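So the chains spell out like this:
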Amino acid sequence: MYPELITLNLPVLAQFSINSFGVMMAIAFLAGYQVIRVELKRQGKDEQLAGDILLGALVGGILGAKIYYVLLNWPLTVQDPIGMLTSRSGLVWYGGLIGGALGVIWMLRRRGQNIAAMADVAAPGLALSYALGRVGCFLVGDDYGRPTDSWVGLAFPNGQPPSTAGNLRRGFGVDIPAEIPDSQVLSVYPTQLFETGISLVIFFVLWRLRFRDKRAGWLFSLWLVLAGCERLFVEFFRAKDDRFFGTLSLAQILSIGLIGLGAWLMSRLGSDTKAVSYTHLRA
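Everything numeric here is computed off the predicted structure, so don't read it as measured data.

Peer 1: Requested: an account of the confidence of the model for the protein chain, with residues and values cited.
Peer 2: Per-chain confidence: the protein chain averages 85 in pLDDT, with 84% of residues scoring 70 or above. Predicted confidence for residues 275–283 stays below pLDDT 50, and this span has 21 contacts to residues more than four positions away or in other chains.

Peer 1: So what about the pattern of salt bridges? Which residues, and what values?
Peer 2: One pass over the full model with this rule turns up 12 salt bridges. Measuring nitrogen to oxygen at the nearest pair gives 2.5 Å for the salt bridge that ties Glu39 to Arg42. Here Arg42 and Glu39 lie together in helix α1 (residues 20–42), a separation of 3 residues that amounts to about one turn. You'll find Glu39 and Arg42 in the same group, each marked buried. We note a salt bridge from Arg111 to Asp46, for which the minimum N-O separation is 2.9 Å.

Peer 1: Account for the side chain of Ser129, naming residues and giving values.
Peer 2: Along the polypeptide, Ser129 turns up in helix α6 (residues 115–140). At 2.8 Å, the side chain of Ser129 forms a polar contact with the backbone oxygen of Ala28.

Peer 1: Which residues make up unusual backbone geometry, and what values do they have?
Peer 2: Between Gln160 and Pro161 the backbone carries a cis peptide bond, its omega angle lying at 0°. Along the chain, Pro161 turns up in the loop between β3 (154–155) and α7 (165–172). Positive phi, normally seen in glycine, also occurs at Asp143, with a value near 60°. You can see Asp143 is positioned in the loop between α6 and β3.

Peer 1: Break down helix α8 (residues 191–209) for me, with residues and values.
Peer 2: Think of an α-helix as 3.6 residues a turn; residues three or four steps apart then line up on the same face. Given a rise of 1.5 Å per residue, 19 residues ought to cover 27 Å, and the 27 Å separating the end C-alpha atoms of α8 matches this to within 8%. Within α8 the residues assigned to the buried category are Thr191, Gln192, Glu195, Thr196, Ser199, Ile202, Phe203 and Leu206. Mapping the buried residues of α8 onto a view down its axis gives an arc of 135°, with all of them on the same face. Seen from the buried face of α8, the exposed residues on the opposite side, beyond 90 degrees, are Val201, Phe204 and Arg208. Those residues of α8 that are buried are in contact with α1, α6 and α9 (218–234).

Peer 1: Could you give me a rundown of a nonpolar patch on the surface, with the residues and numbers involved?
Peer 2: A cluster of nonpolar residues, Leu55, Leu58, Val59, Ile62, Leu63, Ile67 and Leu71, forms a patch on the protein surface that exposes about 610 Å² of accessible area. In this structure, Ile67 sits in helix α2 (residues 49–72). We classify Ile67 as partly exposed; its relative accessible area is 48%.

Peer 1: Before we move on, can you summarise the nonpolar core with the specific residues and values?
Peer 2: The biggest cluster of nonpolar side chains holds 24 residues, and the ones touching the most others in it are Tyr94, Ala127, Leu206, Trp218 and Trp223. Contributing elements (two or more residues each) for this core: α1, α5 (93–110), α6, α8, α9 and α10 (250–270). If one sorts the elements of this core by residue count, α9 sits on top with 7 residues. Every residue in contact with Trp218, bar those within four places of it in the chain, is listed here: Asp120, Leu209, Arg212, Met266 and Leu269. Of all hydrophobic cores here, the second largest spans 13 residues; its members include Met24, Phe138, Phe156 and Ala165.

Peer 1: Summarise the packing of aromatic side chains; cite the residues concerned and give the values.
Peer 2: Applying the stated criterion across every chain yields a total of 10 aromatic pairs. With centroids separated by 5.5 Å and ring planes inclined at 35°, the aromatic side chains of Phe220 and Trp223 adopt a geometry described as tilted. Here Trp223 and Phe220 lie together in helix α9, a separation of 3 residues that amounts to about one turn. Between Phe233 and Phe237 the ring centres are 5.3 Å apart and the planes differ by 65°, which places this aromatic pair in the edge-to-face class.

Peer 1: Describe in detail the environment of Ala28, supporting the description with residues and values.
Peer 2: When you line up the elements, Ala28 lands in helix α1. Accessibility expressed as a relative area gives 4% for Ala28, which makes it buried. Once residues within four sequence positions are removed from consideration, Ala28 is found in contact with Ser129, Leu132 and Gly133.

Peer 1: Could you give an account of the packing of α6 against α9, naming the residues involved and the relevant values?
Peer 2: Viewed as axis vectors pointing N to C, α6 and α9 meet at an angle of 25°, and their least axial separation amounts to 7 Å. Comparing the axis directions of α6 and α9 gives the class roughly parallel. At the point where α6 passes α9, the crossing takes the left-handed sense. Between α6 and α9, the residues in contact are Ala119, Asp120, Ala123, Pro124, Leu126, Ala127, Tyr130 and Arg134 and Trp218, Leu219, Phe220, Trp223, Glu230 and Arg231, respectively. Here the contact of α6 with α9 is composed, by residue class, of 10 nonpolar, no polar and 4 charged.

Reading the values: the criteria
- In every chain, residue numbers begin from 1 and rise along the written sequence.
- Owing to the predicted nature of the model, reporting of local features is limited to residues with pLDDT of at least 70; listing and counting of side-chain atom pairs is limited to 80 or more, with chain, interface and lining totals taken over all residues.
- As a rule here, side-chain values cover all heavy atoms of the structure and leave hydrogens and water aside.
- For every residue, the predictor states its confidence as a pLDDT score lying anywhere from 0 to 100.
- Note on definitions: a residue-residue contact is assigned when non-hydrogen atoms from the two residues lie within 4.5 Å.
- We define a salt bridge as a contact between a side-chain nitrogen of Lys or Arg and a carboxyl oxygen of Asp or Glu at a distance within 4 Å.
- Secondary structure elements follow DSSP: runs of H or I of four or more residues count as helices, runs of E of two or more count as strands, with numbering from the N terminus.
- Exposure classes here rest on a 1.4 Å probe applied to the protein chains alone. A residue is buried below 20% of its type maximum, exposed above 50%, and partly exposed in between.
- For the purposes of these results, a polar contact is taken to be a pair of N or O atoms within 3.5 Å, where, inside protein, one atom must be able to donate a hydrogen and its partner to accept one; residues adjacent in sequence count only when each atom of the pair is a side-chain atom.
- The span one expects for a helix is its residue count, reduced by one, times 1.5 Å.
- Our arc is simply the arc of the directions from the helix axis toward the C-beta atoms.
- Only residues whose relative accessible area exceeds 30% and that form no salt bridge are eligible for patches; like-charged ones are grouped when within 9 Å, while nonpolar side chains (Val, Leu, Ile, Met, Phe, Trp, Tyr) are grouped when within 5 Å.
- Surface accessibility in these figures is a Shrake-Rupley result with a 1.4 Å probe; residues are shielded only by whichever protein chains are displayed.
- We call a set of buried residues a nonpolar core when its members are Ala, Val, Leu, Ile, Met, Phe, Trp, Tyr or Cys and they connect through side-chain atoms within 4.5 Å of each other.
- Aromatic pairs are defined between Phe, Tyr and Trp rings, using the six-membered ring for Trp, whenever the two ring centres lie within 6.5 Å; interplanar angles under 30 degrees are classed as stacked, those over 60 as edge-to-face, and all others as tilted.
- Angles here are taken between N-to-C directions and fall from 0 to 180 degrees, while the axes themselves are lines fitted to C-alpha atoms, restricted in helices to the stretch in contact.
- An angle below 35 degrees is treated as roughly parallel, one above 145 as roughly antiparallel, one from 65 to 115 as roughly perpendicular, and anything else as oblique.
- Two helices cross in a left-handed way if the nearer one is turned anticlockwise from the farther one by less than a right angle. They cross in a right-handed way if the turn is clockwise.
- Classes in brief: Ala, Val, Leu, Ile, Met, Phe, Trp, Tyr, Cys and Pro nonpolar; Asp, Glu, Lys and Arg charged; the others, Gly included, polar.

Printed below as a string of structure tokens:
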């Protein structure tokens, strides 16, 4: 794929590379910020709150994702703690979700904002940011799926790691016929693009439903359900070595929990008659 977009030879810094993953992460955060800012303006709220949400999500999300990764891979962390903490890899989404949520809550509480209402504002932006962030994963060639001979299969010869038979065997525990040599590059499911496509659909659904009369927190709860379903589905195609629960991976167990939490919140909020009407705010 395209792990490096541009490589510059600078007089002082010597060779300097611009990583495609970093560029897409920046685009993802900025796109989410813009969506949140537009929704705040529509609701007549302070647009500067979008900056607070962005900062909380950025700092808390990166810290949470990294902490989750080093704990999940504790044996490797013990062997090389500095390398595990400073490497580009290891930004696990569920850790980022938890850390980002805590960061945003802390920022909004400082501003005296209603957390549930602001969560609804952020929900479409979360879906869009996730969709764009997965494009970065595709460009650097990580988080791909299991080997496949179908027309959707793509090879990642320069992936992180390359989609060779050896890496899939040793790194992800994929059962590959013994006659295939370790050096052979295999076509795999491009699960990053699966996630991008589904998450874009989720974004458009949430963006449309934001006009509905609803209790504060309902739209965010719906995002929890849809995001959990998306990850639960895609994980069946992923090359993973953490299927500690039969055929289910750890991410799928967390996804089921996310779906259950979102569904419970929606049922509670849906039964409450004190709905918040945003109909009069339509453009």
